[in-house]
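Structural features, examined
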Amino acid sequence: MIKAGIIGATGYAGAEIVRLLTNHPEAEIKWYGSRSYIEEPYANVYGSLFEIVTSSCAGEDLEKLAEDVDVIFTATPQGYLGGVLTESILSKCKVIDLSADFRIKDPARYEAWYGIHHASPQFLPEAVYGLCEINREAVKTARLVANPGCYTTCSILTLYPLVKEGLIDPQSIIIDAKSGTTGAGRGAKVPNLFCEVNESIKAYGVTNHRHTPEIEDQLGYAAGQPISLNFTPHLVPMNRGILATCYATLKNGVSQADVDAAYDAYYKEETFVRHLEGRKCPETRYVKGSNYVDVNAVVDERTGRLIAMGALDNVVKGAAGQAVQNMNLMFGLEESAGLMAIPMAF
């Protein structure tokens, strides 16, 4: 059995890792790390786990934790892992980080977008961007995996085959994305209160959302050139889910058949990416509670543009499920182990 420790186990992403690993056939949780609930029974924080998880929350001593487990998940704010990661920790166990600390290879670019000094840039060259469908082989041998963000996972997987195959102009990309409120984390923030969110929708992070460079970097690698794009996120009054609607200019002569063929070539054998049939549009309810991503794209012959769409559960494939998928790869397990929950639909 893989012994796992979770730092930030009482946040939304951390709690979802707990839910997934509790039923995982090859893993067991040895450490429920939480700064706010030390010595509190974990089931007191999440009553859904009453009589299922009997352990109490522990602290955040990564050096000690690394002695006791095979893998550490850090579901923590930006800057945390970058400030505490050491060679000693990585020499003893593998680390899967759900923050942005090791997603962006250029520390200056990270600092410019996040406003945080990067305290351990020496680990950036070896950190693997953990989007399994794209970097599967590199993940398998990694000590340190940078788990992608939720908006980025949805946007990149929606656009990747089209960019990689040169079907669209990568400099023309516009991403309009919507997220449920769990994407903002569990911390108390006035803009996320029920009365602030319910019966409303709003854009935020316009022109400066922190996931922008992550999307640009990864799609730039696919395009073989640096790209700039417009990414605008929106907050919608639901708990879970992301819907990304992406617009781009088609290259000359590209047809709907070309687009469909590109999706099928990249995703037909993928367990968790589903290319929808015909003109069906992805819906968040059809991926809720699951590790699936639904994608599709429609060619607009009138304008010469393409509308590509993707939907996922931001807490599962956008965070915890992807982290577990990465763990499975890192330890040579079946990639889908513990992740085959059927979407909830309602």
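This one's a predicted model, so the numbers in the text were calculated from it and none came from an experiment. (Residues numbered from 1 in each chain as written. Predicted model: local features only at pLDDT ≥ 70, side-chain atom pairs only at ≥ 80, totals over all residues. Heavy atoms only, no water.)

1. Remarks on the pattern of salt bridges
Two side chains of opposite charge can pair, provided their charged atoms sit close to one another. Selection criterion: By definition, a salt bridge exists where a carboxyl oxygen of Asp or Glu is found within 4 Å of a side-chain nitrogen of Lys or Arg. Where helices and strands are cited, they refer to DSSP runs of H or I of at least four residues and of E of at least two residues respectively, numbered from the N terminus. When accessible area is computed with a 1.4 Å probe and restricted to protein chains, residues below 20% of their type maximum are described as buried, those above 50% as exposed, and intermediate ones as partly exposed.
For the structure shown, the criterion picks out 19 salt bridges. Lys-64 is the partner of Asp-68 in a salt bridge, and the nearest nitrogen-oxygen pair spans 3.7 Å. Note that Asp-68 and Lys-64 are positioned in helix 3 (residues 62-68) at a spacing of 4 residues, about one turn of the helix. Judged by relative accessible area, Asp-68 falls into the partly exposed class, the value being 35%. Linking Glu-270 and Arg-136 is a salt bridge whose minimum nitrogen-to-oxygen distance equals 2.7 Å. Of the two residues, Glu-270 sits in the loop between helix 11 (256-267) and strand 11 (273-275) while Arg-136 sits in helix 7 (residues 132-140), which places them 134 residues apart along the sequence. Judged by its relative accessible area of 15%, Glu-270 falls in the buried class. Bridged by salt links that share partners, the residues Glu-16, Arg-19, Arg-240 and Asp-313 form one connected network.

2. A word on the packing of aromatic side chains
Let me state the cut-off plainly: Any Phe, Tyr or Trp ring, taking Trp's six-membered ring, that has another such ring centre within 6.5 Å forms a pair; planes under 30 degrees apart are called stacked, those over 60 apart edge-to-face, and the others tilted. Lysine and arginine charges are scored as sitting over a ring when NZ or CZ, respectively, is within 6 Å of the ring centre and within 35 degrees of the ring normal.
For the coordinates displayed, the defined rule picks out 7 aromatic pairs. Judged by centre distance (5.1 Å) and plane angle (40°), the rings of Tyr-32 and Tyr-42 are tilted. Pair noted here: Tyr-32 is in strand 2 (residues 27-33) and Tyr-42 is in helix 2 (residues 42-45), with a separation of 10 residues, a long-range link. The class for Tyr-42 is buried, based on a relative accessible area of 0%. Between Tyr-110 and Tyr-114, the ring centres sit 5.1 Å apart and the planes meet at 20°, which makes this aromatic pair stacked. Here Tyr-114 and Tyr-110 lie together in helix 6 (residues 107-114), a separation of 4 residues that amounts to about one turn. Look at Tyr-114 and you get buried, because its relative accessible area is 8%. Among the aromatic residues, those joined into a cluster by ring pairs are Tyr-32, Tyr-42 and Tyr-46. In this structure, Lys-94 packs its charged tip against the face of Phe-331, placed 5.7 Å from the ring centre. For the cation-ring pair, Arg-274 lies above Tyr-292, with the distance from its terminal atom to the ring centre recorded as 4.6 Å.

3. Quick word on the pairing of strand 4 (residues 94-97)
Using the following cut-off: Two strands qualify as a pair provided DSSP detects at least 2 bridges between them.
Relative to strand 4, strand 3 (residues 71-74) runs parallel, the two sharing 4 bridges. The residue bridging Thr-74 from the neighbouring strand is Asp-97, located in strand 4. As judged from the 3 bridges shared by strand 4 and strand 6 (residues 144-146), these two strands associate in the parallel manner. Bridge pairing in strand 6 places Ile-96 opposite Val-145.

4. Considering the sheet that holds strand 9 (residues 230-235)
One open sheet holds the 7 strands; their spatial order is 8-9-7-10-13-12-11, and the pairing between them is mixed. The outermost strands of the open sheet, each flanked by one partner alone, are strand 8 (202-203) and strand 11.

5. Structural notes on the environment of Ile-342
Take Ile-342: it is sitting in the segment after helix 12 (316-330). Since its relative accessible area comes to 71%, Ile-342 is described here as exposed. Residues Ile-342 and Phe-50, 292 residues apart in the sequence, show an inter-C-alpha distance of 23 Å.

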